[in-house]
Amino acid sequence: MLRTTLLSLGLALLSYLGASWLTEGFQVWTAEGARRLTVIDRPMAAPAVNIAGPDVTRRRLSDWLASDGRVTIVDFIYTRCHSVCSALGSGFQQLQQAIAANPSEGVRLLSISFDPAHDDAARLRQYASQLRADPRQWRFVTVPDHAELQRLLDAFQVVVIPDGLGGYEHNAALLVVDQRGRLVRIFDYTELDAALAYALALVPRRAAG
């Protein structure tokens, strides 16, 4: 009887410790939650992968993100998507409107396609036009090299899985990248106000004149 009780307590303790480790001390219960918590604790530098798109000449993503001192809100999309990407597009339209009202606030938007075989510069330009994207606030790019694309997806823990029908299943979020090109916070794609408020908080305030 005692042996059985001790064994049960031992198994319970192992289960507890395993759950605690897997959930970052019970603070998260999903892989997406773990990703967001990890970024808060350890900001991730954008990898030096080459991007290309309309109004963006081929250059390294890390250089582009750190090019003009603005904070960037990033999403990952593909133009043939008619589900969550549509919601992301609508959300970015709202963010663009808010940013355009105060263009000096130091925030911009970047949509990265993970479907370079289909989303070339011409297709991204067409897609941007459909969404009425203003390139002063919102750019569209892809990563032409598949190995580099995978490196970017891995670094930012973006999951992209073919759905067997020619499209993809993927996690959707708003990724806030600071002026140094580091991913510093991840918000749900419905948390537009929170993502923008956080991005604005990263911009140094000008002293009153």
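The structure displayed is predicted, hence computed values, not measured ones. (Residues numbered from 1 in each chain as written. Predicted model: local features only at pLDDT ≥ 70, side-chain atom pairs only at ≥ 80, totals over all residues. Heavy atoms only, no water.)

A closer look at helix α7 (residues 192-201)
To be explicit about the condition: Residue exposure (1.4 Å probe, protein chains only): buried if accessible area is under 20% of the type maximum, exposed if over 50%, otherwise partly exposed. Here a strand is any run of E in DSSP of at least two residues, a helix any run of H or I of at least four, and the numbering for each starts at the N terminus. Throughout, the arc means the angular range of directions from the helix axis out to the C-beta atoms. The contact criterion used is simple: two residues touch if any of their non-hydrogen atoms lie within 4.5 Å.
Taken together, the buried positions of α7 are L192, A195, L196 and A199. Projected onto a plane normal to the axis of α7, the buried residues spread over an arc of 95 degrees and lie on a single side. Opposite the buried face of α7, by more than 90 degrees, sit the exposed residues D193 and A201. If you follow the buried residues of α7, they end up packed against β4 (71-77), α4 (84-101), β5 (107-113), β9 (173-177) and β10 (182-188).

Some details on the nonpolar core
Let me state the cut-off plainly: Buried residues of nine kinds, namely Ala, Val, Leu, Ile, Met, Phe, Trp, Tyr and Cys, make up a nonpolar core once their side-chain atoms join them within 4.5 Å.
Counting residues in each nonpolar core, the largest one holds 55 residues, and the members touching the most others are L61, I73, F76 and F156. In terms of residues, this core owes the most to one element, α4, which gives six residues. Beyond its immediate sequence surroundings of up to four residues, F76 is in contact with L88, I112, F114, L152, L153, F156, V158, H170 and L175.

Section: the environment of L124
With respect to the element layout, L124 can be found in helix α5 (residues 121-130). The class of L124 is buried, set by a relative accessible area of 0%. Residues L124 and R139 lie 15 residues apart in sequence; the distance between their C-alpha atoms is 9.3 Å. Beyond its immediate sequence surroundings of up to four residues, L124 is in contact with A52, G53, P54, T79, S113, D119, F140, V141 and T142.

Side note on the pairing of strand β2 (residues 50-53)
To keep things clear, this is the line we draw: Strand pairing is assigned whenever DSSP identifies at least 2 bridges connecting the two strands.
Sheet analysis places β2 next to strand β3 (residues 56-60), joined by three bridges and oriented antiparallel. Paired with I51 across the two strands is R59, which belongs to β3.

Quick word on the pattern of salt bridges
For the record, the criterion: Should a side-chain nitrogen of Lys or Arg be within 4 Å of a carboxyl oxygen of Asp or Glu, the pair is scored as a salt bridge.
As enumerated under the stated definition, the model contains five salt bridges in all. Among the ionic pairs, R70 bridges to D68, the shortest N-O distance being 2.8 Å. Residue R70 is classed as partly exposed on the basis of its relative accessible area, which comes to 21%. R80 serves as the salt-bridge partner of D115, at 2.8 Å between the closest nitrogen and oxygen. Within this pair, whereas D115 is found in the loop between β5 and α5, its partner R80 is found in the loop between β4 and α4, the two being separated by 35 residues in sequence. Linked through salt bridges whose partners overlap, the residues forming this network are D68, R70 and R108.

Purely spatial values, then, with no claim about function.
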